[in-house]
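So the chains spell out like this:
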Amino acid sequence: MYRFDGFPDVLHRYSMESSIYDSGMLIPDYDLAEKYQYNGLFSKIIDRPAEEALKHGIEYNISDQTLADFLDDALDRLDWEEKATTAIRWARLFGGAVIVMLLDDGRGLEEPVNWQDIRSVEELRVYERAIVQPDPNCYLTGKAEYFDISSTYGGFFRVHRSRCLVFKNGSLPEYAAPQQYFYWGLPEYVRIRRDLSIALHTHQSAANMIDKSVQPVYKQRGLQSTLAGPDGDDQVLKRLLVLDASRGMMNSVAIDMDGEDYSFQTFQLSGASEILESTYSLLSAVTCIPQTILFGRSPSGENATGESDLENYYNFVEGIQKRMLKKNIRTLLKAVVQAGVYDGSIAESQTIKPTFKPLWSLSEAEQATVELSKAQRAQATAQTAQLYIDMQVLQPDEVRQALARDGTLNIEDILDHQPQDVQDDGWAQLLEGLEPNDNPIPDAAGQLPEQGGIMNPETARDVNAKDGGKGSGNFNHEGRPGKIGGSGGGGNSSEGGEKSSEEHSTEKTSKISKKVYPNERNFKDSKIEKSVLYDDDGSVLLEKTGSERQVRFSRQELEKFRGKVFTHSHPQDVTLSPADLMRMQEYEIKQVRAVTSKGVYVAGYTGKWKKQFKDDEELKQFERSIDKDAFNFATSKLDTKEWTLEQADSYYQHIAVQKMSEELGFEYRFIPWEDAEDE
């Protein structure tokens, strides 16, 4: 009869019992807790990133030092850093954790937070996922409305989601994810257990190899016969004990010269260090913790500093900060601020958006290198800005405005995003403290006036008596009387000046205007600036579209403007800017026209001005100071909320440019659309 030998079964049982790997994704929570308590390497993997995430603290990004001190005291009282560190630990160990905020808001734990009536934040309590059960609907919606907590020390209770700071250890795909981990995330041990077991087993094997590397060998004549005889085992064992005791006490072995031999067999351990190194690297890779931190080893290799490993580690920790801490600390600070407002420690509620302090601390030499690099970069940027200013691509005031915002200078940002309207010539900034309103100011004709313009009360009384007439600069609202075109040659504005616009206009310019008007009507309501350059015969030389606030031209393009007619839209419904007037003077442009929804502002070149200006900024200052009474009158209108900021601004610019035409000697007029065809 044939009987199959059971030796394969023995080998199978042996391999199962001696396996170093765990099986299955689901690991009992008590097993995770046990491994954390009794496995030093594993507990270090769990603890170090959690401690690193809170080690350097946070920045509140507020200028009020009193408020910052209040927040510091509140977080210290709540022991926030220790509680948050513990929550991250348990999230990494069990897959998730919650911090329950015990708030005094007049409601129970199971009810949503009453954010408007938070009187105090009493305490923070941390609970790991093993004792926290989200409501069943979370497995369908992915969001929990409440949590059931079964604490050994606090009993069973239910708490609303809004009262909890939730910490999740990443996310899992829906397919094949164990239900108890789906909402929270996977415990860290499940991810690293195989590699951790390999590292631990390899390290233990290396220790055993060292222990076995020198093997004593005892030889005895007739050993087999002795073992086969009565009490042979005891005799041999007794002899071995004597030899070991002799070697341990006297470091010598006494043997029979003829019947015994005692020697040592040495084994080579080459390659063991490489095996250990590979397992260390493997574990470091899967945990994202460098060997310098995980094993306390110094960087190895030529010129090794470990900086790249630390940089990767800090990036990993920053990921933990963003996923687990960012939203939670903002929620907690919101509650703390509300409590501070209630007890009077804070004047008013405000949103705090903290950031985490850098994890990497530079040495003095590294900091000096960084500062030098910043200075060199700033110098290069300043030289580039100066080049653009010389080319008239940028204006000096644009550079100053960019520096005033945040102290940095980015040429691309200045070119792409103009922060202020270049056409308002700074009046919006001068009057920014005055509140605009939505109340229209009806004029004599029952229509809304143009934006802007500021005159003093005495002038206003004169204005109420009579209108200046068409083209006088009053453009269908009450203002200073004057003839079409202003003074042109420098006359008195109240008398209309020495020359009218008709006297200055040539027949050729009039013919051009008749071709210009139809095109201007097409873009009078445009929301971005459109520009057209016309030749003497009315043909189009150049068309260009800009942004809402300006059109830019190169110096080569501007050279084409000499003796030509240039028209462009002003979506802000304001008159010609100092930049427009300076280009007219510099390039001897026959006409510069600003198209608005109500009509066209026209300035004409009549020769060199009576006063010269070095740049646009100097002309701006001249415009701002040319009529102080007008500015004061606009301010009074704004104070009484009769005018909006835009109305006062536009009004003053028109009056100022009209007066500038009188003092400097250039044509200036406003042509309403209803009068355009008669031009």
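None of the values given here were measured: they were computed from a predicted structure. (Residues numbered from 1 in each chain as written. Predicted model: local features only at pLDDT ≥ 70, side-chain atom pairs only at ≥ 80, totals over all residues. Heavy atoms only, no water.)

## Some details on unusual backbone geometry
- Its identity as a non-glycine residue notwithstanding, Asn61 has a phi of 60°, on the positive side.
- With respect to the secondary-structure elements, Asn61 resides in the loop between strand 1 (58–59) and helix 4 (65–77). (Helix = DSSP H or I, 4+ residues; strand = E, 2+ residues; numbered from the N terminus.)

## Details of the packing of aromatic side chains
- Under the counting rule described, the total for this entry stands at 19 aromatic pairs.
- Judged by centre distance (5.8 Å) and plane angle (35°), the rings of Phe147 and Trp184 are tilted. Of this pair, Phe147 sits in strand 5 (residues 146–151) while Trp184 sits in the loop between helix 7 (179–182) and helix 8 (188–212); the two residues are 37 residues apart in sequence, bridging distant segments of the chain.
- Relative accessible area serves as the criterion here: at 0%, Phe147 is assigned to the buried category.
- Relative to Phe666, the ring of Trp609 lies with its centre 5.7 Å away and its plane at 40°, an arrangement referred to as tilted. Of this pair, Trp609 sits in the loop between strand 15 (599–604) and helix 23 (616–625) while Phe666 is found in the loop between helix 25 (645–664) and strand 16 (667–672), placing the two residues 57 residues apart along the sequence.
- Accessibility expressed as a relative area gives 5% for Trp609, which makes it buried.
- You can call Phe666 buried: its relative accessible area is 0%.
- These aromatic residues form a ring-pair network of at least three members: Trp609, Phe613, Phe622 and Phe666.
- Just above the ring of Tyr517 sits the side chain of Arg593; from NZ or CZ to the centre is 5.0 Å. (Phe/Tyr/Trp six-rings, centres within 6.5 Å; stacked < 30°, edge-to-face > 60°. Buried < 20%, exposed > 50% of the residue type's maximum accessible area, 1.4 Å probe, protein only. Lys NZ or Arg CZ within 6 Å of the ring centre and 35° of its normal.)

## Structural notes on the pairing of strand 11 (residues 530–534)
- Strand 11 sits mainly inside the fold: four of its five residues count as buried.
- Bridging between strand 11 and strand 12 (residues 540–545) involves five bridges; their strand directions are antiparallel. Each bridged residue has a counterpart across the sheet, and for Lys530 the counterpart in strand 12 is Thr545.
- Linking strand 11 to strand 12, which pair antiparallel, is a turn of five residues; within it Gly538 sits at a positive phi near 90°.
- Relative to strand 13 (residues 565–569), strand 11 is paired through four bridges, and the arrangement is antiparallel. By the bridge assignment for strand 13, Val532 is matched with Thr567. (Pairing = 2+ DSSP bridges.)

## Side note on the sheet that holds strand 12
- The strand order across the open sheet formed by six strands is 12-11-13-14-15-16, and the pairing between neighbours is mixed. For this open sheet the edge positions go to strand 12 and strand 16, each flanked by a neighbour on one side alone. Strand-to-strand twist in this sheet, taken as the mean axis angle between neighbours without regard to direction, amounts to 15°.
- Both strand 15 and strand 16 contribute to a ladder of six bridges, which runs antiparallel. Pairing of Tyr601 across the sheet is with Phe670, part of strand 16. (Axes fitted to C-alpha atoms, helices over the stretch in contact; angles between N-to-C directions.)

## Things to note about the packing of helix 3 (residues 40–55) against helix 5 (residues 80–94)
- Taken N-terminus to C-terminus, the directions of helix 3 and helix 5 make an angle of 140°; their axes are 9 Å apart at the nearest point. Accordingly, the angle class assigned to the pair helix 3 and helix 5 is oblique. Crossing hand, helix 3 versus helix 5: right-handed. Where helix 3 approaches helix 5, its residues Phe42, Ile45, Ile46, Asp47, Pro49, Ala50, Glu51, Ala53 and Leu54 are matched on the opposing element by Trp80, Glu81, Ala84, Thr85, Ile88, Arg89, Arg92 and Leu93.
- Residues of the contact of helix 3 with helix 5, tallied by class, amount to 11 nonpolar, one polar and five charged. (Parallel < 35°, antiparallel > 145°, perpendicular 65-115°, else oblique. Left-handed = near helix turned anticlockwise from the far one by under 90°. Contact = heavy atoms within 4.5 Å. Nonpolar A, V, L, I, M, F, W, Y, C, P; charged D, E, K, R; others polar.)

## What about helix 25?
- Its 20 residues place the ends of helix 25 28 Å apart at the C-alpha level, agreeing with the 28 Å of an ideal helix rising 1.5 Å per residue.
- Burial within helix 25 is extensive, with 17 of its 20 residues counted as buried.
- Gly665 sits one or two positions beyond helix 25 and adopts a positive phi of about 95°. (Expected span 1.5 Å × (residues − 1).)

## Side note on the sheet that holds strand 7 (residues 164–168)
- Taken together, three strands build an open sheet; the order of strands is 3-2-7 and the sheet is antiparallel. The outermost strands of the open sheet, each flanked by one partner alone, are strand 3 (120–128) and strand 7. With direction set aside, neighbouring strand axes in the sheet form an average angle of 15°.
- Inspection of the sheet shows strand 2 (residues 96–104) paired to strand 3 by eight bridges, in the antiparallel sense. From the neighbouring strand, Leu102 faces strand 3, where its bridge partner is Glu123.

## Section: the side chain of Arg92
- In this fold, Arg92 is placed in helix 5.
- Residue contacts for Arg92: discarding those within four places in its chain leaves Ile45, Ile46, Pro49, Asn169, Pro187, Glu188, Phe316 and Ile320.

## Points about the pattern of salt bridges
- This model, assessed by the stated rule, comprises 20 salt bridges.
- Its salt-bridge partner being Arg92, residue Glu188 comes within 3.9 Å of it at the nearest N-O pair. You can see Glu188 sitting in helix 8 and its partner Arg92 sitting in helix 5, a full 96 residues away along the chain.
- Classification of Glu188 by relative accessible area gives buried; the value is 8%.
- Its relative accessible area of 2% is what places Arg92 among the buried residues.
- Between Arg583 and Asp616 there is a salt bridge whose closest N-O contact spans 2.9 Å. (Salt bridge = Lys/Arg side-chain N within 4 Å of Asp/Glu carboxyl O.)

## Regarding a negative patch on the surface
- Taken together, the side chains of Asp64, Asp69, Asp72, Asp73, Asp76, Asp79 and Glu81 define an acidic patch exposed on the protein surface.
- At four residues, the largest contribution of residues to the negative patch is made by helix 4.
- Within the fold, Asp72 resides in helix 4. (Patch = residues over 30% accessible without salt bridge, like charges linked within 9 Å, V, L, I, M, F, W, Y side chains within 5 Å. Areas by Shrake-Rupley, 256 points an atom, 1.4 Å probe, with all protein chains shown as cover. Lys, Arg positive; Asp, Glu negative; His and termini not counted. Charge placed at Lys NZ, Arg CZ, Asp CG, Glu CD.)

## So, helix 4
- For helix 4, spanning 13 residues, the distance from its first C-alpha to its last is 18 Å, which sits close to the expected 18 Å at 1.5 Å a residue.
- Among the residues of helix 4, Leu67, Ala68, Phe70, Leu71, Ala74 and Leu75 are the ones counted as buried. Viewed end-on, helix 4 has its buried residues packed into an arc of 160°, placing them on one side of the element. Seen from the buried face of helix 4, the exposed residues on the opposite side, beyond 90 degrees, are Gln65, Thr66, Asp73, Asp76 and Arg77.
- In this fold, the buried residues of helix 4 make contact with strand 1, helix 5 and helix 13 (307–343).
- The residue sitting at the N-terminus of helix 4 and contributing the capping side-chain oxygen is Asp64; that oxygen lies 3.0 Å from the backbone nitrogen of Thr66. (Arc of directions from axis to C-beta. Polar contact = N/O pair within 3.5 Å; in protein donor to acceptor, adjacent residues only side chain to side chain.)

## Side note on the environment of Glu548
- For Glu548, the location among the structural elements is in the loop between strand 12 and helix 21 (555–558).
- Under the relative-accessibility criterion, Glu548 is labelled partly exposed at 41%.
- Distance from Glu548 to Gln572, taken between C-alpha atoms, is 8.3 Å for residues 24 residues apart in sequence.
- In this view, Glu548 contacts Lys527, Ile528, Glu529, Pro571 and Gln572; residues no more than four positions away in its chain are not counted.

## Quick look at the side chain of Ser162
- Summarising the element assignment, Ser162 is placed in the loop between strand 6 (155–160) and strand 7.
- Looking at Ser162, its side chain comes within polar contact range of the side chain of His160, at 2.9 Å.
- In this structure Ser162 touches Met101, Glu111, Pro112, Val113 and Trp115, once residues within four positions along its chain are discounted.

## Points about the packing of helix 2 (residues 29–38) against helix 3
- The N-to-C vectors of helix 2 and helix 3 enclose an angle of 100°; their axes lie 6 Å apart at closest approach. Comparing the axis directions of helix 2 and helix 3 gives the class roughly perpendicular. Contacts between helix 2 and helix 3 involve Leu32, Lys35, Tyr36 and Tyr38 from the former and Gly40, Phe42, Ser43, Ile46 and Asp47 from the latter.
- In the contact of helix 2 with helix 3, the residues fall into five nonpolar, two polar and two charged.

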